[in-house]
Amino acid sequence: MARYTGAVCRLCRREGQKLFLKGDRCYSGKCSIDLRKTVPGQHGQGRKKVSDYGLQLRAKQKAKRFYGVLESQFAKYFEMAERKPGMTGENLLRILESRLDNVIYRLGFASSRAQARQLVLHGHYTVNGKKVNIPSYLIKEGDVVAVSEKAKSADFMKALVENNGSKPVPQWLDVNRDSFEAKIVRLPNRDEIDLEVAEHMIVELYSK
C-alpha cells in the first residue's frame, strides 16, 4: 500500500498551519510549526507571489495531507463528490471525514490519523459488529464503530482512550468511552469540519 514516508512536520510547515499529523506532539511546545514558521527548503523565506493556480494547488495539497490521502484516491473522492447532490466542495470534505481512520481519530480512539490507520489495518475496530481492516472504509449515518473485544482489554488501547479523553468529539458522533463504542448520528456539516481550506479552490482546480 502506497503511503508518504517523509518527515510529516515539513508538510505542516509547507501548508502554514498545523495538520495534526503527529498526535500529542502537535499539542506540545515541540511542534515544528511553532518553532519554525518558515516554509521548508533553502528558498522558503523568499518565495514570490503565488498565482491562482498555486493557491488552488495548495488547497488540494492541504486537504490531502490533512487526511493522509494520496493523489489517485483523492481524485476518486472528488468524482464521488461531483455525483452527489449539493456543493461539490462540501461533499468532498464530508466524504473525507467519513473515512474510518478519520472517525477513529475524531473519537479519540487513536492519537493521530496515521496511528488510526495502522490500528485499523491490524483489525482493532469493528463497524456494526464486524471487523473492518480497511482505513478508507466510508462510514454511514447510523453505523456503530467500536473497539474490538480483544483490543478492549489491551493496556495500549485503554491508555489511548484515557489520554485522548479530554479532546472534544464532534457533535455528529455519539461516543461512549466506557464501552469503547460510538454511533454515527449523522455526517458532518461544513462548519463542524475544522480544516481551514477554501474547498471551492479544489473544485476550480479539478474543473480546469
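Values in this document were obtained by computation on a predicted structure and should not be read as measured data.

Trainee: I'd like to hear about the overall build of the protein, residue by residue, with values.
Mentor: Counting its regular elements, the protein contains 10 helices and five strands. The long-range share in the protein, meaning contacts at least 24 apart out of those at least 6 apart in sequence, stands at 56%. Here the protein has roughly 11500 Å² of accessible surface; of this, 50% comes from carbon and sulfur atoms.

Trainee: Please provide a residue-by-residue account of helix H6 (residues 100-107), values included.
Mentor: Counting buried positions along H6 gives eight out of eight residues, so the element sits mostly inside the fold. Burial in H6 covers these residues: Leu-100, Asp-101, Asn-102, Val-103, Ile-104, Tyr-105, Arg-106 and Leu-107. A positive backbone phi angle near 85° is found at Gly-108, which sits one or two residues after H6.

Trainee: Could you give an account of the packing of helix H5 (residues 88-97) against helix H10 (residues 199-206), naming the residues involved and the relevant values?
Mentor: Contact geometry for H5 and H10: axes closest at 8 Å, N-to-C directions at 105°. Here H5 lies roughly perpendicular to H10, going by the angle between them. From H5, Thr-88, Gly-89, Glu-90, Leu-92 and Leu-93 reach across to H10, where they touch Glu-199, Ile-202 and Val-203. Of the residues belonging to the contact of H5 with H10, the class tally is four nonpolar, two polar and two charged.

Trainee: Which residues make up the sheet that holds strand E5 (residues 181-184), and what are the values?
Mentor: The sheet built from five strands is open, its strands ordered E2-E1-E3-E5-E4 with antiparallel pairing. Unpaired on one side and paired on the other, strand E2 (130-131) and strand E4 (173-176) mark the two borders of the sheet. Bridge count for strand E1 (residues 125-127) against E2 is two bridges, and the pairing is antiparallel. Bridging across to E2, Thr-126 finds its partner in Lys-131.

Cut-offs and rules
Residues numbered from 1 in each chain as written. Predicted model: local features only at pLDDT ≥ 70, side-chain atom pairs only at ≥ 80, totals over all residues. Heavy atoms only, no water. Helix = DSSP H or I, 4+ residues; strand = E, 2+ residues; numbered from the N terminus. Contact = heavy atoms within 4.5 Å. Areas by Shrake-Rupley, 256 points an atom, 1.4 Å probe, with all protein chains shown as cover. Buried < 20%, exposed > 50% of the residue type's maximum accessible area, 1.4 Å probe, protein only. Axes fitted to C-alpha atoms, helices over the stretch in contact; angles between N-to-C directions. Parallel < 35°, antiparallel > 145°, perpendicular 65-115°, else oblique. Nonpolar A, V, L, I, M, F, W, Y, C, P; charged D, E, K, R; others polar. Pairing = 2+ DSSP bridges.

Bear in mind that shape data such as this cannot, by itself, settle questions of function.
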